[in-house]
Amino acid sequence: MCGRFTLTTIGVSLGRAFNLDDVPTQEARYNIAPTQLVATVLNPSNDSERQWQLLRWGLIPSWAKDIKIGAKLINARAETVAEKPAFRSAFRRRRCLVVADGFYEWRLQNGKKQPLYFQRKDKRPFAFAGLWERWKNPAGEIIASCTIITTVANDIISPIHDRMPVILEPRDYDLWLHHQVSQRELLQPLLIPYDAEKMSVYPVSTTVNNVRNNSPECIIPVEIDHKSNSPYHSTYILNHHDGFYSKF
């Protein structure tokens, strides 16, 4: 699954990465959580250019009776996203890029949750495959929301979790956003595990465990002092050549 991520890259760098003419000024975010607003890129209509949009994380289907359903729909499984009632319409017509530059997963060690931070080796921003929807609340207000699609974990994530967010290759952005593309056979091949050789991982402070904390301390590497044979252990350091931990 994907339940917490970061977007610390700001400004011109994001515009270049996603071919956007204008990216609003925003602060770096180190601990993005469900129900918060997240940065996305979408094409809201057939004749529009790519647009930067802030959407509520946790998809609220147009037919939903209560906004609370969004907290249960922060992720959509790649294997069933084209069929599930909550997602199938958005899969055909309202796909988006959810912008990030890293994400967290947790490993249970000695009864405690140890966070690990995953990112691209080159530290560049990337896009999760996302879906978006519009929902009208009882007061008539339109709320736009999104979900992040997940797939089976690659080799760097599988020791921690059996799922990972779908990270799209830049060459696939146009296809994913294209309004006239709705065929499952064209879109499903994009929803695959990202190349583990392009990723890195390291343990970070439990500061990130509290959603109220949003500071650079969340992504500072820490040493873990637990007795374990896990590759995510204090007797291991991150090998920056292959992205995995290597014994020193």
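Computed from a prediction, not measured in an experiment: that's the story for all the values here.

Thresholds, definitions, all that
Residues numbered from 1 in each chain as written. Predicted model: local features only at pLDDT ≥ 70, side-chain atom pairs only at ≥ 80, totals over all residues. Heavy atoms only, no water. Helix = DSSP H or I, 4+ residues; strand = E, 2+ residues; numbered from the N terminus. Buried < 20%, exposed > 50% of the residue type's maximum accessible area, 1.4 Å probe, protein only. Lys, Arg positive; Asp, Glu negative; His and termini not counted. Salt bridge = Lys/Arg side-chain N within 4 Å of Asp/Glu carboxyl O. Contact = heavy atoms within 4.5 Å. Phe/Tyr/Trp six-rings, centres within 6.5 Å; stacked < 30°, edge-to-face > 60°. Polar contact = N/O pair within 3.5 Å; in protein donor to acceptor, adjacent residues only side chain to side chain. Pairing = 2+ DSSP bridges. Axes fitted to C-alpha atoms, helices over the stretch in contact; angles between N-to-C directions. 1 Å grid on protein atoms, 1.4 Å probe; cavity = no way out; pocket = protein on both sides within 12 Å on 5 of 7 lines; lining within 4 Å. Points joined across faces, edges and corners; volume = space filled by probe spheres on them. Nonpolar A, V, L, I, M, F, W, Y, C, P; charged D, E, K, R; others polar. Core = buried A, V, L, I, M, F, W, Y, C linked by side-chain atoms within 4.5 Å.

Chemist: Pulling in residues and values, what's your account of the side chain of Glu105?
Modeler: Secondary-structure assignment places Glu105 in strand β7 (residues 102-109). As a buried residue without a salt bridge, Glu105 has its nearest oppositely charged side chain in Lys113, at a separation of 8.8 Å. Not counting residues up to four positions away in its chain, the partners in contact with Glu105 are Met1, Cys2, Gln114, Pro115, Leu116, Phe118, Ile160, His161 and Arg163.

Chemist: Help me get a handle on the pattern of salt bridges, residues and values and all.
Modeler: Per the stated rule, a full pass over the model turns up seven salt bridges. One salt bridge connects Arg94 with Glu133, and the closest N-O pair in it is separated by 2.8 Å. Linking Arg94 in the loop between α2 (88-93) and β6 (95-100) with Glu133 in strand β9 (residues 126-136), this pair joins segments that are 39 residues apart in sequence. Look at the salt bridges and you will find they share partners, linking Arg120, Asp122 and Arg124 into a network.

Chemist: An account of the packing of aromatic side chains is requested, with residue identities and associated values reported.
Modeler: What the rule picks out here adds up to 10 aromatic pairs. Centroid distance Phe18 to Tyr173: 5.5 Å. Interplanar angle 15°. Geometry classified as stacked. Of this pair, Phe18 sits in the loop between α1 (12-17) and β2 (29-32) while Tyr173 sits in helix α3 (residues 173-177), placing them 155 residues apart in sequence. Taken together, a centroid distance of 5.7 Å and an interplanar angle of 70° make the contact between Tyr117 and Tyr202 edge-to-face. With Tyr117 in strand β8 (residues 112-120) and Tyr202 in strand β13 (residues 199-203), this residue pair connects regions lying 85 residues apart in the sequence. Across the pair, Tyr202 and Tyr117 agree in class, each one buried.

Chemist: Tell me about the side chain of Arg50, and name the residues and values.
Modeler: If you trace the backbone, Arg50 turns up in the loop between β3 (37-42) and β4 (51-57). Within polar-contact distance, the side chain of Arg50 engages the backbone oxygen of Phe18 at 2.8 Å. Beyond its immediate stretch of four places on either side in the chain, Arg50 contacts Phe18, Asn19, Leu20, Val41, Leu42, Asn43, Tyr173, Asp174 and Leu177.

Chemist: Can you break down the sheet that holds β2 residue by residue, with the values?
Modeler: Whether parallel or antiparallel, the strands of a sheet pair through hydrogen bonds between backbone atoms. One open sheet holds the five strands; their spatial order is β2-β1-β7-β8-β13, and the pairing between them is antiparallel. Edge positions in the sheet fall to β2 and β13, since each has one partner strand and no second. Averaged over all pairs of adjacent strands, the angle between strand axes in this sheet comes to 30°, irrespective of strand direction. As paired elements, β7 and β8 share seven bridges and run antiparallel to each other. The partner of Phe103 across the bridge, within β8, is Phe118.

Chemist: For unusual backbone geometry, give the residues involved together with the corresponding values.
Modeler: For residues besides glycine, phi is generally negative; the peptide bonds are generally trans as well. We note that Asn110 has phi near 50°; this positive angle belongs to a residue other than glycine. Within the element layout of this structure, Asn110 appears in the loop between β7 and β8. Backbone geometry places Lys123, a non-glycine residue, at a positive phi of 65°. In this structure, Lys123 sits in the loop between β8 and β9.

Chemist: Help me get a handle on empty space enclosed by the protein, residues and values and all.
Modeler: Summed over the entire model, instances satisfying the criterion amount to one cavity of 30 Å³ or more. One number sums up the size of the largest cavity: a volume of about 40 Å³. Around the largest cavity sit Asn43, Arg93, Arg94, Arg95, Trp132, Trp176, Leu177, His178 and His179, which together line it. Looking at the lining of the largest cavity residue by residue, the classes come out as three nonpolar, three polar and three charged.

Chemist: Help me get a handle on the nonpolar core, residues and values and all.
Modeler: Nonpolar side chains tend toward joint burial in soluble globular proteins. Phe5, Phe128, Ile149 and Trp176 are the most contacted members of the largest nonpolar core, which totals 62 residues. For this core, the element with the most residues is β9, which contributes six residues. The residues contacting Trp176, other than those within four sequence positions of it, are Phe91, Arg95, Cys96, Leu97, Ala129, Gly130, Leu131, Ile149, Leu168, Leu187, Leu190 and Leu191. By size, the runner-up hydrophobic cluster in this structure holds eight residues, among which are Tyr30, Tyr117, Cys218 and Ile219.

Chemist: An account of the pairing of β9 is needed here, citing residue identities and associated values.
Modeler: With nine of its 11 residues buried, β9 lies for the most part within the structure. Bridge analysis of β6 against β9 gives six bridges, and the strand direction is antiparallel. Residue pairing for β9: Ala100 is matched across the bridge by Phe126. Inspection of the sheet shows β9 paired to strand β12 (residues 167-168) by two bridges, in the antiparallel sense. The partner of Ala127 across the bridge, within β12, is Leu168. The sheet contact formed by β9 and strand β10 (residues 142-152) spans seven bridges and is antiparallel. Along β10, the bridge assignment pairs Lys136 with Ile142. Hairpin connection, β9 to β10: the antiparallel pair is bridged by five residues, and Gly140 has positive phi, about 90°.

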